[in-house]
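For reference, the chains in residue letters:
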Amino acid sequence: MESLNTPESASYVYLRDGAAIEELIERMRASERIALDTEADSLHNYYEKVCLIQLSLGREHYLIDPLAGLDLTGFLEALATKPLIVHGGDYDLRMLRVSLGFIPRADVFDTMIAAQLVGIEQIGLAALIERFFGIIVGKEGQKSDWSRRPLTEKQLRYAVNDTRFLEQLADCLGGLLSERGRLEWHRESCRAMKEATGRTNSRDPEEAWRIKGSGRLTRRQLAYLRELWRWRDDHARRANVPPFKILGNQQIMEILFWAECHPGAPLHQGPKLPRNINGARLGALEEAIARAAQLPNEQWPEIKRRDHDQAPRNDCKEQIDALRSECARIAKELEISASTLAPRAALEAIARMRPRTLDEIMSSGGLLRWQAKLVQGAVEKFSQARH
């Protein structure tokens, strides 16, 4: 077991050539489990990708550069067969699938999920490392542009710490889960997470412009939103930057509300724009607003509300509040957060759909079996009260 002294005490191997990858594959085959993390460039590029893969095999720590033109086929195959330890691994596994076609076939142990299930409030990796090992690790690498080369020594040491502690952390949290009889909760939660990351997002690309808050807009306002979103997406693609670096969602909302109330007014009289919106980009924005203003009523987008935006039946709000209150009581007894037991949206869906069986509770609320079992009594109680 590696001595956990200071964040700087861990050595590592930075792999950028094929021969080193082959040696690593042999080490992986001899390992019982592997701690895994990745660094991507979603904060800096429109077309996000995995830029670094971190592995810890006991006391050995490896950083693999997927941008170095390596053939990672054998590496990914070996990785897929091993039990993995991750922290908040849904994003990492999804990015590895999209970027490199990686799909894990063995079990995954997520330390963030484990921390939630034993009632720990501060579930970030740095907080857990400090809690269990008394070590403070820096967070200065979180917003790095991991696509730029060369990576600095500071970046590489930050990356090592993302996996260096995971095996010991998994052992600590696994012990707490076992003491509280929650190992099966964790297994089911991790299986669900792993399966979800293997599915392709089926969102209709024609509806991608419906950002958070769009369900409260009128059809005319939706017309402005659609044009503004398409303008932003087009310029983000051209510049290969994340859309928020062109214009934030809140700024889009401010512009559309102003444009609706001031048809034909010059844009410089409206909300203050970021400095990067000038010249041809500013001209294209003004054209997008003009297109929305001139769009005939029959071509305005339809209002589409998600299930949780639907108006409840007359008795539904009272039932939702009662169900949430009862589930909050159950969660308090279990010493976990109410959202870990059952998210608010799940309880609202259950209250509307009135499930009768355990399977119906799972399907209507999107809950896992362990969650459905814990809330089943509360659901049945309030279901009977309505009859």
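Scroll up a little and you will see the structure.
Below is a short write-up of the structure.

Criteria and cut-off values
Residues numbered from 1 in each chain as written. Predicted model: local features only at pLDDT ≥ 70, side-chain atom pairs only at ≥ 80, totals over all residues. Heavy atoms only, no water. Helix = DSSP H or I, 4+ residues; strand = E, 2+ residues; numbered from the N terminus. Buried < 20%, exposed > 50% of the residue type's maximum accessible area, 1.4 Å probe, protein only. Areas by Shrake-Rupley, 256 points an atom, 1.4 Å probe, with all protein chains shown as cover. Lys, Arg positive; Asp, Glu negative; His and termini not counted. Charge placed at Lys NZ, Arg CZ, Asp CG, Glu CD. Phe/Tyr/Trp six-rings, centres within 6.5 Å; stacked < 30°, edge-to-face > 60°. Lys NZ or Arg CZ within 6 Å of the ring centre and 35° of its normal. Core = buried A, V, L, I, M, F, W, Y, C linked by side-chain atoms within 4.5 Å. Salt bridge = Lys/Arg side-chain N within 4 Å of Asp/Glu carboxyl O. Expected span 1.5 Å × (residues − 1). Contact = heavy atoms within 4.5 Å. 1 Å grid on protein atoms, 1.4 Å probe; cavity = no way out; pocket = protein on both sides within 12 Å on 5 of 7 lines; lining within 4 Å. Points joined across faces, edges and corners; volume = space filled by probe spheres on them. Pairing = 2+ DSSP bridges. Axes fitted to C-alpha atoms, helices over the stretch in contact; angles between N-to-C directions. Parallel < 35°, antiparallel > 145°, perpendicular 65-115°, else oblique. Left-handed = near helix turned anticlockwise from the far one by under 90°. Nonpolar A, V, L, I, M, F, W, Y, C, P; charged D, E, K, R; others polar.

## Thoughts on the overall build of the protein
- Each helix and strand counted, the protein has 16 helices and six strands in total.
- Taking all 387 residues of the protein together, 49% fall into the buried category.
- Surface exposure of the protein reaches about 20,300 Å², of which carbon and sulfur atoms provide 48%.
- Both charge centroids of the protein, one from 56 positive and one from 55 negative side chains, sit 5 Å from each other.

## Overview of the packing of aromatic side chains
- Enumeration over the complete set of coordinates arrives at five aromatic pairs.
- On the basis of an interplanar angle of 70° and a centroid distance of 4.9 Å, the ring pair of Tyr-46 and Tyr-47 is categorised as edge-to-face.
- Put simply, the rings of Phe-132, Phe-133 and Phe-165 pair up and form one aromatic cluster.
- Across the ring face of Phe-132, the terminal group of Arg-131 is positioned such that the distance to the ring centre comes to 6.0 Å.

## Focus on the nonpolar core
- Within the largest apolar cluster, 76 residues are counted, with the highest numbers of intra-cluster contacts made by Met-28, Leu-36, Leu-55, Ile-64, Phe-75 and Leu-79.
- With six residues, the single largest contributor to this core is helix α16 (residues 369–385).
- In terms of nonpolar packing, the next biggest core, distinct from the first, is built from 28 residues, Leu-217, Leu-256, Ala-259 and Ile-277 among them.

## Structural notes on the pattern of salt bridges
- Going through the model one piece at a time under the given rule, you end up with 22 salt bridges.
- Put simply, Arg-29 and Glu-26 hold a salt bridge, and the shortest N to O gap is 2.7 Å. With a gap of three residues between them, Arg-29 and Glu-26 both fall in helix α1 (residues 18–29), about one helical turn apart.
- Judged by its relative accessible area of 53%, Arg-29 is exposed.
- What makes Glu-26 partly exposed here is its relative accessible area of 49%.
- Asp-234 serves as the salt-bridge partner of Arg-238, at 2.9 Å between the closest nitrogen and oxygen. One end of the pair is Arg-238 and the other is Asp-234, both in helix α9 (residues 219–239) and four residues apart, which spans about a single turn.
- Residue classification places Arg-238 among the exposed residues on the basis of a relative accessible area of 65%.

## Description of the environment of Ala-351
- Note on placement: Ala-351 falls in helix α14 (residues 344–353).
- Relative accessible area serves as the criterion here: at 3%, Ala-351 is assigned to the buried category.
- Here the alpha-carbon distance between Ala-351 and Leu-341, two residues ten residues apart in the chain, equals 16 Å.

## A look at the environment of Asp-204
- When you line up the elements, Asp-204 lands in the loop between α8 (183–197) and α9.
- Owing to a relative accessible area of 37%, Asp-204 belongs among the partly exposed residues under this scheme.
- Sequence separation between Asp-204 and Ala-127 is 77 residues; the distance between their C-alpha atoms is 38 Å.

## Looking at helix α10 (residues 249–261)
- In a regular helix each residue adds 1.5 Å, so 13 residues correspond to 18 Å; α10 covers 19 Å between its end C-alpha atoms and thus fits that length.
- Residues of α10 that are buried make contact with α9 and α11 (279–294).

## Let's talk about empty space enclosed by the protein
- Here the structure, examined in full by the defined rule, presents two cavities of 30 Å³ or more.
- As a volume, the second largest cavity reaches approximately 30 Å³.
- Lining the second largest cavity are Leu-93, Arg-97, Phe-102, Ile-103, Pro-104, Lys-194, Thr-197 and Gly-198.
- Among the secondary structure elements, those contributing two or more residues to the lining of the second largest cavity are α3 (90–100) and α8.

## Some thoughts on the pairing of strand β4 (residues 60–64)
- Among the five residues in β4, four count as buried, and that is most of the element.
- Relative to β4, strand β1 (residues 13–15) is paired through three bridges, and the arrangement is parallel. When the sheet's bridge partners are listed, Tyr-14 is paired in β4 with Leu-63.
- Examined bridge by bridge, strand β3 (residues 50–57) and β4 share five bridges and lie antiparallel to one another.

## Some words on α3
- Asp-92, Leu-93, Met-95, Leu-96 and Arg-97 are the residues of α3 that are buried.
- Contacts made by the buried residues of α3 are with β2 (34–40), β3, β6 (108–110) and α8.
- Where α3 ends, the next residue or the one after it, Gly-101, has phi of about 75°, a positive value.

## Details of the packing of α9 against α10
- Axis separation between α9 and α10 bottoms out at 9 Å; the angle between their running directions is 130°. In terms of orientation, α9 lies oblique with respect to α10. In this structure, α9 crosses over α10, and the sense of that crossing is right-handed. For the pair formed by α9 and α10, the contact residues are Arg-220, Gln-221, Tyr-224, Leu-225, Leu-228, Trp-229 and Arg-232 on the first element and Asn-249, Ile-252, Ile-255, Leu-256, Phe-257, Ala-259 and Glu-260 on the second.
- Here the residues of the contact of α9 with α10 sort into nine nonpolar, two polar and three charged.

## Digging into the sheet that holds β1
- In space, the six strands of this open sheet follow the order β1-β4-β3-β2-β5-β6, with mixed pairing throughout. Here the strands that pair on one side only, and so sit at the sheet edges, are β1 and β6. Averaged over all neighbouring strand pairs, the angle between strand axes comes to 25°, with direction disregarded.
- On the sheet, α8 packs against β5 (84–86) and β6 and is oriented at approximately 105° with respect to β6.

The quantities given are spatial measurements derived from coordinates; they are silent on function.
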